[in-house]
Amino acid sequence: MGQQTGFKKYFRKLKRLKARHEIANQIKELKACVVEASERHKRYKSVDMHSNSSTYCAVDPRLAAFYVEIDELVGIDGPKKHIIEWLTMETNASSAKLRVLSIVGCGGCNVYQMKSLSFEDSKRLLLKRAFGSENLSCTHLGSVPDEILRKCDGLPLAIITISSILADKHAKCEWDRVLHDIGSTFAKNTSAEKMTAILSMSYFDIPCHLRTCLLYLSVFPEDFKIQKQRLINRWSAEGFIHEEEGQTKYEMGERYFNDLINRSMIQPVDVKYGQAEACRVNDIILDYIKCKAVEENFVTSLDAVEHVYSSGYKVRRICVSNHAEENVTIWADTILSHVRSITMFCRKTIKTSLLRSTALRVLDLGDCLYMDNNHIANIEKFFHLKYLSLCSHSITKLTEKIGELQYLQTLDVRLTSIKELPSTITKLQRLAHLYVDYKVRFTDGMIGQMHGLEELREYGVQSYEQGKTLQEFSKLTNLRTLNLRWYFNSFFGTEGRREAEDCHGYVGTLLSSCNLYNLYITDFSRDTYYPLSLDSCHPAASYSLRKLCIKNCIIYKVPNWMGSLGNLMVLKLNGILCVRPEDVEILGAIPSLFYLRLVAVGGTKGRIIINGSNGFRSLKYFSLCIGFCGTALDFQVGSMPKLEHVKLKFGVHKRECLNGASSLGFQNLSSLSKVHVKIYGNCIPDSNYDPTKDENDGAIKWVASAINGAVVTHPNRPTVRFETTPAEVCEHFEYAMRECNQLLGGLLTEWFKIWQIEEQTGQEQTDGLNRRITDEEQQTGEQEEDTYEEEGEEQTAEEKEHEEREGSGSSN
């Protein structure tokens, strides 16, 4: 089926009015893909016919770590010039000949040899990393920066590492110390030895507690994406995190995580809302810390194909990797009796005999997809266990004896087949982080007894009776993060509406009684059409909430209390039926709002105006999806002064669809740096639409050209990308709302006065009835989706990771 917004799916499920034009659109897309593939095949075939051989192009991924700096690219001007000359030089061969150039870091003859950075580029990189600007005057440092750079010999990673040590240090004595520490014999060493020496100096420069946390990363394989959540919880279980008054261990762990990023010891991954959700370790740094971990007997790595283990030391932490077909066995050797941590990465069928170590603190089997209940049958024997992660569909239950793990802090059983948690889990009073799939059931009264919980992802409510359990969360005074998903069957009729109001009231109670920092609510119901009213919700502490994400829940309006959320940085509302000027004013009053994502049917009088008052003073990212036609968006002079990134989606079948808007006022966004616009209408799909190359003088070209003109003349020179998506049905949002109101028995009538929408005419009622009959006839036998994720909605890093792991399991 063709792409559509979350609201279109909502109205389609509610009204069953949409014809099956989506199938036709999909056929068009498939035809277009077939034609494109065919043309591409012909071009490649033509190349093969005109040349005796072809050259393969690849960029060595290892090189990226050296030539890509976080904020800019350095040292590429010369290589870029040579590469362009090579690719464009004249030859006697046919113009259709494929020209490809391989770029690698070393060896070859599959090539363009990349060189070390020039002295000028090296200095730019050093100053940019150390002081935040390459143009900053540093004459007071004398020749010290130049001497340091000569020792780095143009190695980008060496320069980045050294500059991280010198970050924000302006005193000459600090620079003299670094130069002295590098050593007088450094210049005589080979490049590899230089790199090791610099890494060693950087390693011993960081505080002791960070050094321990860095060494711990050696348990993960090369190029592995390490989730921040997983890493911090493991650090905590190992006792690496020092508590400070007023901050949780997890918050302290985030400080450690960010410190390592700022020191360039780890690379940020999945950066959202200004924070990295995961990290990777550069291969060279990983090699270094693995060597240090072996030297200090910190981590012992084993390949699963090894059949014996010998060491002169007792093993403290063990990491097992298995990428072969052989079984995995960890032997019950006395030398392994003091193991504190076991981490296994096994993607094949395994036969594991877990050792009997009473000292075990961490058991991470989150990357073992083929374990079963037998492997964890005696889990209670690991009495001191603090971290337990399981990930296998063959695991169907947890033993009742899990309640004996009195020190357990983190339990992760996502992507298992566990349907219900044992009642003894309430004995785990130190359990702070619980990760389960939303279908896992909690028996009555269980939640209210888990007083140590700080984080729960995700709690599923699949019936009205289960909804009552939301009241139990008021007893959890330590709860800071809650991911809530409800999945009701129906809220039709008088009784259904009463139940809906009750459940929405429970959400209000949740907000009013819990001191939450992060709240995520997702509605995955099939037939729930009752809008959510947030007016009755009054957060217990207006300064506690940091993130509030409400997905797939229809709401009447933005509640007044949102404007008083002093520390709210991230807000997602998917979606609002009709955006009022008052809604914009309330949202603009949130002082710390950094990221805002809205999905709406339309706007009052067909307009959503962002005025130039004092609102949105901290906003840097703004995403807006307008589900139906007939609404204009206008950024006025002085609006959203710090906004850098805008992402919009709306329909344009004809110019009237935007109610008179054209450029949308992008020229008035003073800090703009990135624009992404998705347009749906009478068009073919194009993920990189260029209005200047569109020969059809239609509405989509008209609005894209207007936006493009405003962006390219902007003094900041923002980047801009357009996408087009086919959607032939043009439906005005007011008409859709009136039809929705009729089917809801007039539920929205009073709101129509607020939204300034006229009630449905007799002719519209007749047209709507005829369309419903036609639609139902066409959709006979069609099955609705059980769940849906709104088009364009960003997944969390954890959701992406688990999808990848689940996919790996099903493919093996």
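All figures in this text were calculated on a predicted structure; none of them were measured in a lab.

Can you tell me about the overall build of the protein, naming the residues and giving the values?
Counting its secondary structure elements, the protein contains 21 helices and 25 strands. Considering the protein as a whole, with its 812 residues, one finds that 53% of them fall into the buried category. Split by element, the accessible area of the protein, about 36400 Å² in all, is 50% carbon and sulfur.

Help me get a handle on the packing of aromatic side chains, residues and values and all.
Applying the stated rule across the entire model yields 17 aromatic pairs. Relative to Phe224, the ring of Phe220 has its centre 5.6 Å away and its plane inclined at 20°; by these criteria the two rings are stacked. Note on accessibility: Phe220 and Phe224 belong to one class, buried. Where Phe220 meets Phe345, the ring centres are 6.1 Å apart and the plane angle is 65°; that geometry is what we call edge-to-face. With Phe220 in the loop between helix H10 (208-216) and strand E3 (226-227) and Phe345 in strand E8 (residues 341-346), the pair connects residues that are 125 residues apart, well separated along the chain. The exposure class of Phe220 is buried, given its relative accessible area of 1%. The class of Phe345 is buried, set by a relative accessible area of 4%. In this structure an aromatic cluster arises from ring pairing among Tyr556, Trp751, Phe752 and Trp755. Here the basic side chain of Arg211 rests over the ring of Tyr203, its NZ or CZ set 5.7 Å away from the ring centre.

I'd like a description of the pattern of salt bridges, backed by residues and values.
Pairing between side chains becomes possible if they bear opposite charge and their charged atoms approach one another. Throughout the structure, instances matching the rule amount to 22 salt bridges. Taking the shortest distance from any N to any O, the salt bridge between Glu455 and Arg457 comes out at 2.6 Å. You can call Glu455 buried: its relative accessible area is 5%. Of the residues examined, Arg457 reaches a relative accessible area of 15% and is grouped as buried.

Before we move on, could you go through the confidence of the model for the protein and cite the residues and values that matter?
For residues with low pLDDT, the predicted coordinates do not support detailed interpretation. This prediction gives the protein a mean pLDDT of 78; 71% of its residues lie at or above 70. For residues 16-21, every residue scores under 50 in pLDDT, and the model assigns this stretch 25 contacts once sequence neighbours within four places are set aside.

Go over the packing of helix H11 (residues 228-238) against helix H12 (residues 249-262) with me, naming the residues and quoting the values.
The geometry of H11 relative to H12 is characterised by a closest axis approach of 9 Å and an angle of 115° between their N-to-C directions. As the angle between them shows, H11 and H12 are arranged roughly perpendicular. Where H11 crosses over H12, the handedness of that crossing is right-handed. Seen from H11, the contacting residues are Lys228, Gln229, Leu231, Ile232, Asn233, Trp235 and Ser236; seen from H12, they are Lys249, Tyr250, Gly253, Glu254, Tyr256, Phe257 and Leu260. Across the contact of H11 with H12, the residue classes break down as 7 nonpolar, 4 polar and 3 charged.

Break down helix H7 (residues 156-165) for me, citing the residues and quoting the values.
Taken across its 10 residues, H7 has 10 buried, putting it largely inside the fold. Three or more residues of H7 are buried, namely Pro156, Leu157, Ala158, Ile159, Ile160, Thr161, Ile162, Ser163, Ser164 and Ile165.

Outline H12, supporting the account with residue identities and numerical values.
Taking 1.5 Å per residue, 14 residues should reach 20 Å; H12 reaches 20 Å between its end C-alpha atoms and fits that length. Within H12, burial applies to Tyr250, Glu251, Met252, Gly253, Tyr256, Phe257, Leu260 and Ile261. Phi for Ser264, located one or two positions after H12, is positive at around 65°.

Residues and numbers for the side chain of Arg580, please.
Residue placement: Arg580 occurs in the loop between strand E17 (570-579) and helix H16 (581-588). A polar atom in the side chain of Arg580 sits 2.8 Å from the side chain of Asp583. Other than its neighbours up to four places away in sequence, Arg580 contacts Lys557, Val558, Thr604, Ile754 and Trp755.

Kindly report on the side chain of Arg317, identifying the contributing residues and their values.
Among the structural elements, Arg317 can be located in strand E7 (residues 317-322). A residue is classified by how much of its surface remains accessible, and Arg317, at 5% relative accessible area, is buried. A polar contact of 3.4 Å, which involves the side chain of Arg317, links it to the side chain of Glu238. Leaving out residues up to four positions away in the same chain, Arg317 has contacts with Tyr216, Glu238, Phe240, Phe298, Val299, Thr300, Arg340 and Ser341.

Mind laying out the environment of Gln429, listing which residues take part and the relevant values?
With respect to the helices, strands and loops of the structure, Gln429 is situated in the loop between strand E11 (410-412) and strand E12 (433-435). Overall, Gln429 belongs to the partly exposed group, its relative accessible area being 39%. In terms of polar contacts, Gln429 uses its side chain to reach the backbone carbonyl oxygen of Gln449, at 3.1 Å.

Got a sec to walk through the sheet that holds strand E5 (residues 275-280)? Specific residues and values, please.
Pairing in this open sheet of 3 strands is antiparallel, and the strands run E3-E5-E4 from one edge to the other. Both edges of this open sheet fall to E3 and strand E4 (267-272), since each of them pairs with a single strand only. In the sheet, E4 pairs with E5 via 5 bridges, with the strands oriented antiparallel. Note on E5: the bridge partner recorded for Lys272 is Gln275. H12 rests against E4 and E5 of the sheet, and its axis sits at about 65° to E5.

Tell me about the pairing of strand E15 (residues 518-523), and name the residues and values.
Counting buried positions over the 6 residues of E15 gives 6, a clear majority of the element. Of the two faces of E15, the one carrying Asn518, Tyr520 and Thr522 and the one carrying Leu519, Ile521 and Asp523 are both buried. Sheet analysis places strand E14 (residues 481-486) next to E15, joined by 6 bridges and oriented parallel. The residue bridging Arg485 from the neighbouring strand is Thr522, located in E15. Here E15 pairs with strand E16 (residues 547-555) via 5 bridges, running parallel. Note on E16: the bridge partner recorded for Leu519 is Leu548.

Rules used throughout
- Residues numbered from 1 in each chain as written.
- Predicted model: local features only at pLDDT ≥ 70, side-chain atom pairs only at ≥ 80, totals over all residues.
- Heavy atoms only, no water.
- Helix = DSSP H or I, 4+ residues; strand = E, 2+ residues; numbered from the N terminus.
- Buried < 20%, exposed > 50% of the residue type's maximum accessible area, 1.4 Å probe, protein only.
- Areas by Shrake-Rupley, 256 points an atom, 1.4 Å probe, with all protein chains shown as cover.
- Phe/Tyr/Trp six-rings, centres within 6.5 Å; stacked < 30°, edge-to-face > 60°.
- Lys NZ or Arg CZ within 6 Å of the ring centre and 35° of its normal.
- Salt bridge = Lys/Arg side-chain N within 4 Å of Asp/Glu carboxyl O.
- pLDDT = per-residue confidence, 0-100.
- Contact = heavy atoms within 4.5 Å.
- Axes fitted to C-alpha atoms, helices over the stretch in contact; angles between N-to-C directions.
- Parallel < 35°, antiparallel > 145°, perpendicular 65-115°, else oblique.
- Left-handed = near helix turned anticlockwise from the far one by under 90°.
- Nonpolar A, V, L, I, M, F, W, Y, C, P; charged D, E, K, R; others polar.
- Expected span 1.5 Å × (residues − 1).
- Polar contact = N/O pair within 3.5 Å; in protein donor to acceptor, adjacent residues only side chain to side chain.
- Pairing = 2+ DSSP bridges.

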